[in-house]
Amino acid sequence: ARKPMDLNEVVRRSVSVVMTQLSLNQVNLSLDLAADLPQVQADPNQIQQVVVNLLLNAADAIGADGGQIRAITRSATPSAIEFLLEDSGRGISAEDLPRIFEPFFTTKGNHGTGLGLAVSWGIVEAHGGSLEVQSEPGQGTRFTLRLPTAIGAESGTPVLPTLT
């Protein structure tokens with residue numbers, strides 16, 4: 001169920017879920033969470049699923065040799081906040097990049113279902129947000145998850161409280 005949600009709290013919970021996996025991969029994770037982040041109307045469990053998936057993908061991209069992941073939250077616009085995840089992994093090829101949100105598309109061979117990013121994209125879209133990726137082979141990858149701070153804020157219509 002959607003309710004006012006603190007994105008920083010969801011990011012912290014997501015990190016604790018994947019911490020073991022990250023330390024196994026010798027991933028150095030740095031958190032840069034904005035102090036005065038507005039809340040968003042969202043389903044915290046669904047958003048956590050997206051963040052966990054992005055973290056695990058980043059760990060996968062880095063592989064066993066270790067590397068860096070940087071998780072950032074920030075206000076993007078007066079009506080949106082962002083979660084950025086940057087990794088120092090192998091990057092995504094230009095031909096794969098347009099396809100990574102397609103269901104069943106995977107670059108992980110047998111140990112990927114190709115559903116993680118497709119499901120994540122669907123969750124973010126359902127929340128009126130966006131999920132974007134920038135990547136270059138050998139240069140790492142950055143995912144940007146953007147969520148509106150209030151439903152209706154994007155279209156300029158005032159958000160009226162519902163009486164229950």
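Anything mentioned here points back to the structure above.
To start, this report covers the structure provided alongside it. The structure presented is a predicted model; accordingly, all values stated were derived computationally and were not measured.

This part covers the sheet that holds strand E5 (residues 80-87). Strand pairing in a sheet is mediated by backbone hydrogen bonds. Such pairs are either parallel or antiparallel. Taken in spatial order, the five strands make up an open sheet running E2-E4-E5-E7-E6, and their pairing is mixed. Of all the strands in the sheet, just strand E2 (27-33) and strand E6 (130-136) have a single pairing partner and so form its edges. Within this sheet the neighbouring strands show an average axis-to-axis angle of 15°, counted without direction. Direction of pairing for E5 relative to strand E7 (residues 140-148): antiparallel, over a ladder of eight bridges. Bridge pairing in E7 places leucine 85 opposite phenylalanine 143. Along the sheet, helix H1 (residues 7-24) contacts E2, strand E4 (67-77) and E5; its crossing angle with E2, the most-contacted strand, is approximately 175°. Across the face of the sheet, helix H2 (residues 44-62) comes into contact with E2, E4, E5, E6 and E7 while running at roughly 20° to E5.

In this structure, Ile47, Ile69 and Phe83 are the most contacted members of the largest nonpolar core, which totals 39 residues. The element best represented in this core is H2, accounting for nine residues. Contact partners of isoleucine 47, with chain neighbours within four places excluded, come to Met5, Leu7, Val10, Ala42, Ile123, His127 and Leu147.

Rules used in this analysis
Residues numbered from 1 in each chain as written. Predicted model: local features only at pLDDT ≥ 70, side-chain atom pairs only at ≥ 80, totals over all residues. Heavy atoms only, no water. Pairing = 2+ DSSP bridges. Helix = DSSP H or I, 4+ residues; strand = E, 2+ residues; numbered from the N terminus. Axes fitted to C-alpha atoms, helices over the stretch in contact; angles between N-to-C directions. Contact = heavy atoms within 4.5 Å. Core = buried A, V, L, I, M, F, W, Y, C linked by side-chain atoms within 4.5 Å. Buried < 20%, exposed > 50% of the residue type's maximum accessible area, 1.4 Å probe, protein only.

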